[in-house]
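So the chains spell out like this:
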Amino acid sequence: MIRIIFKNVGQGDSIILEWITEGRTSIGIIDSNIYEGNNPILEYLTENQVKQIEFIILSHFHYDHFSGFPEVFKFCLEKKVKIKYFIHTSILQVLEIYNRIFTPKKVENTATEFFKLFDELADHNIGDIILADCYTAPIKLTDKENLSFLAPSGKIYHQIAKNIARKSKNIIVSYPDINKLSTITCISDDKNFALITSDATKQGFRFINKKILKQLISIQVPHHGSFNSINPKFWESVQKIPLCPAIFSVGIEPKDKLPDYET
């Protein structure tokens, strides 16, 4: 059995996966956000004296999903924590977006620190670095359960790269939506599955609408409950257990008045 722990970080994500392999607890991390000066992922690693992390997933490069990682990286470097896989969607094109649009100073500083520490971590602590898309090989968690990615698609990477190329030539296009790169993470066994959707868009759910034949046992509602990210066909057609739990990552005082009523 996989235990999914959603830490309270307001409107953002800090998620821990726990499972037992060969008598010991294994962990994986999806995103890390600073909330009211606290870093729940770092607190978990410290309290449990973690020496190895099976994987870290950065769903997409938005502040409320990566702001806690610089502190996590420092901890891993200082304590010599090994990370088998770092899985991400933060291609160089995404960094181009950050360089070309206005961002608050704290976002710029945190992003700079993220990549500085990540470079050092990649040299010493990380087994492999994987770019996530819907064709990324599944990760075996237990004898019965796997972790896989249903989004993004390879086409999304291509579209974002093409839009940035046009923008650099002063062709009028809107800046690409980084949420389109958000992972949809699936944890499944032979019969059931759970989804961690981060800030996935409608488009991401269109890709997976006809691919899922198992029973949904829990789901994180995408993009903090924004109705713009809801694909009605997916929600109506997917097979669910009765009263299937749906998790909203919004906190007590959501900053964007989310979730939307329609969601």
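Attention here is on the structure that accompanies the text. (Residues numbered from 1 in each chain as written. Predicted model: local features only at pLDDT ≥ 70, side-chain atom pairs only at ≥ 80, totals over all residues. Heavy atoms only, no water.)

1. A look at the sheet that holds strand β1 (residues 3-6)
Stage number 1. A sheet is described by the order of its strands in space; here 6 strands give the open sequence β1-β2-β3-β4-β5-β6, paired in mixed fashion. For this open sheet the edge positions go to β1 and β6 (126-131), each flanked by a neighbour on one side alone. Put simply, the sheet's adjacent strands are angled 20 degrees from each other on average, direction ignored.
Stage number 2. With 3 bridges connecting them, strand β3 (residues 24-30) and strand β4 (residues 52-58) associate as parallel partners. Within β4, the residue paired with I29 across the bridge is I56. (Pairing = 2+ DSSP bridges. Helix = DSSP H or I, 4+ residues; strand = E, 2+ residues; numbered from the N terminus. Axes fitted to C-alpha atoms, helices over the stretch in contact; angles between N-to-C directions.)

2. Examining the sheet that holds strand β10 (residues 192-196)
Stage number 1. Sheet architecture is open: 6 strands sit in the order β7-β8-β9-β10-β11-β12, paired in mixed fashion. Whereas interior strands pair on both sides, the edge strands pair on one side only; in this sheet they are β7 (139-140) and β12 (246-247).
Stage number 2. Here strand β8 (residues 146-151) pairs with strand β9 (residues 184-188) via 5 bridges, running antiparallel. Opposite N146, over in β9, you have S188 as the bridge partner.

3. With respect to the packing of helix α3 (residues 69-79) against helix α5 (residues 105-124)
Stage number 1. As a packed pair, α3 and α5 sit with axes 9 Å apart at the nearest point and diverge in direction by 25 degrees. Between α3 and α5, the interaxial angle falls into the category roughly parallel. Along this stretch, α3 crosses α5, giving a crossing that reads as left-handed. Contacts between α3 and α5 pair F69, P70, F73, K74, C76 and L77 from the former with T110, E113, F114, L117, F118, E120 and L121 from the latter.
Stage number 2. Split by residue class, the contact of α3 with α5 holds 9 nonpolar, 1 polar and 3 charged. (Parallel < 35°, antiparallel > 145°, perpendicular 65-115°, else oblique. Left-handed = near helix turned anticlockwise from the far one by under 90°. Contact = heavy atoms within 4.5 Å. Nonpolar A, V, L, I, M, F, W, Y, C, P; charged D, E, K, R; others polar.)

4. Regarding the pattern of salt bridges
Stage number 1. Using the criterion set out here, one finds 5 salt bridges in the structure.
Stage number 2. For E54, the salt bridge is made with K84, and the minimal N-O distance between the two is 3.2 Å. Remark: K84 occurs in strand β5 (residues 82-88) and E54 occurs in strand β4; sequence separation between them is 30 residues.
Stage number 3. Residue K84 is classed as partly exposed on the basis of its relative accessible area of 38%.
Stage number 4. A salt bridge links K74 to E113; the nearest nitrogen and oxygen atoms lie 3.1 Å apart. Of this pair, K74 sits in helix α3 while E113 sits in helix α5; the two residues are 39 residues apart in sequence, bridging distant segments of the chain.
Stage number 5. A relative accessible area of 37% places K74 in the partly exposed class.
Stage number 6. What makes E113 partly exposed here is its relative accessible area of 31%.
Stage number 7. The network of salt bridges with shared partners includes R24, E54 and K84. (Salt bridge = Lys/Arg side-chain N within 4 Å of Asp/Glu carboxyl O. Buried < 20%, exposed > 50% of the residue type's maximum accessible area, 1.4 Å probe, protein only.)

5. Side note on empty space enclosed by the protein
Once rolled over the atoms, a probe with the size of a water molecule shows which space is left empty.
Stage number 1. Following the criterion strictly, the structure yields 1 cavity of 30 Å³ or more and no others.
Stage number 2. Counted as a void, the largest cavity has a volume near 50 Å³.
Stage number 3. Surrounding the largest cavity, 13 residues form its lining, A151, K180, S182, T201 and G204 being those nearest its centre.
Stage number 4. Broken down by element, the residue count for the lining of the largest cavity peaks at 3 residues, all from helix α7 (residues 202-208). (1 Å grid on protein atoms, 1.4 Å probe; cavity = no way out; pocket = protein on both sides within 12 Å on 5 of 7 lines; lining within 4 Å. Points joined across faces, edges and corners; volume = space filled by probe spheres on them.)

6. Here's the deal with the environment of Y135
Stage number 1. Among the secondary structure elements, Y135 is positioned in the loop between β6 and β7.
Stage number 2. Relative accessible area serves as the criterion here: at 70%, Y135 is assigned to the exposed category.
Stage number 3. Separated by 16 residues in the primary sequence, Y135 and A151 place their C-alpha atoms 8.7 Å from one another.

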